[in-house]
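Here are the chains, one letter per residue:
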Amino acid sequence: MTTYALLKTLHMSCAALSLALFLLRAVPALRTQPPTPPRVLRVLPHVIDTVFLLSGLALATTIHQYPFVHGWLTAKVLGLIAYIVLGSLALKRAPTRAGRAVALAAALLTFAYIVGVAMHHDPRSWLAQVG
Ligand code: HEM
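Computed from a prediction, not measured in an experiment: that's the story for all the values here.

Each value, and the rule that gives it
- Per-chain numbering applies: the sequence of each chain, read as written, is numbered from 1 onward.
- Residues qualify for local features only when their pLDDT is at least 70, as the model is predicted, and side-chain atom pairs are given and counted only at 80 or more; totals for whole chains, interfaces and linings, by contrast, use all residues.
- Strands are runs of DSSP state E lasting at least two residues, helices are runs of H or I lasting at least four, and both sets are numbered from the N terminus onward.
- A set of buried Ala, Val, Leu, Ile, Met, Phe, Trp, Tyr and Cys residues, joined through C-beta atoms within 7 Å, is what we mean by a nonpolar core.
- Partly exposed residues are those whose C-beta has more than 12 but fewer than 20 other C-beta atoms within 10 Å; with 20 or more the residue is buried, with 12 or fewer it is exposed, and the C-beta atoms are placed from the backbone.
- The contact criterion used is a C-beta to C-beta distance within 7 Å, with each C-beta placed from the backbone.
- In this analysis an axis means a line fitted to C-alpha atoms, helices contributing only their contacting stretch, and an angle means the value between N-to-C directions, from 0 to 180 degrees.
- Put simply, angles under 35 degrees are roughly parallel, angles over 145 are roughly antiparallel, angles from 65 to 115 are roughly perpendicular, and the rest are oblique.
- Each crossing gets its handedness from the near helix: less than a right angle anticlockwise from the far helix is left-handed, clockwise is right-handed.
- Each residue is assigned to one of three groups, with Ala, Val, Leu, Ile, Met, Phe, Trp, Tyr, Cys and Pro labelled nonpolar, Asp, Glu, Lys and Arg labelled charged, and all others, Gly among them, labelled polar.

Q: Tell me about the environment of Q129, residues and numbers included.
A: Here Q129 lies in the segment after α4 (97-120). Q129 sits 13 residues away from G116 along the chain, and the two C-alpha atoms are 9.9 Å apart.

This is the structure in structure tokens:
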């Protein structure tokens, strides 16, 4: 396996883990009285998300394509920022249950959008295949 293939596997594994860890916190946060997450669920996501971002940047550097130069990577970075903001609303910043539920749904849609951008190398995401 090449270094690039290893980095890509790492990046995709981190994407899956990041989403799973987010859901493990966001679903309990929908309760009327959200529980305090266990310590592992407060620390591990930061570790995974750091490796996730660094592996994405390493992949981009390897293929000489960069955010704010190539549209699909700009879309990924802007999408990532939206996902982080929506995630933070879903986990605690939204004051009501309904607000947290809407933020969770929007965060999941944003994540799906970014995966589509990654697979098509196109800011149109899943719509790129329609032409
Ligand atoms: C929530 C955020 C992100 C998600 C869900 C995500 C997801 C993915 C996925 C699923 C792939 C594999 C696509 C394929 O099938 O070929 C991928 C590849 C890649 N990602 Fe990300 N990514 C994210 C953030 C980033 C960021 C912030 C960067 C860089 C600034 C980045 C750079 C790349 C690069 C360069 C590839 C390799 C593309 C290729 O070799 O075809 N990603 N990403």
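Q: Break down the nonpolar core for me, with residues and values.
A: Counting residues in hydrophobic clusters, the biggest one holds 10 residues: F22, A26, Y83, L86, A90, L91, A103, L104, A107 and F111. Elements with a minimum of two residues in this core: α1 (3-26), α3 (71-93) and α4. With residues near it in sequence (within four places) discarded, A90 still touches A26, A29, R100, A103, L104 and A107.

Q: Provide a residue-level description of the packing of α1 against helix α2 (residues 39-62), including the pertinent values.
A: For the pair α1 and α2, interaxial distance at closest approach is 8 Å and the crossing angle is 150°. Taken as axis vectors, α1 and α2 run roughly antiparallel relative to one another. By crossing handedness, the relation of α1 to α2 is classed as left-handed. When the residues that make up the contact of α1 with α2 are grouped by side-chain class, the tally is 17 nonpolar, 5 polar and 3 charged.

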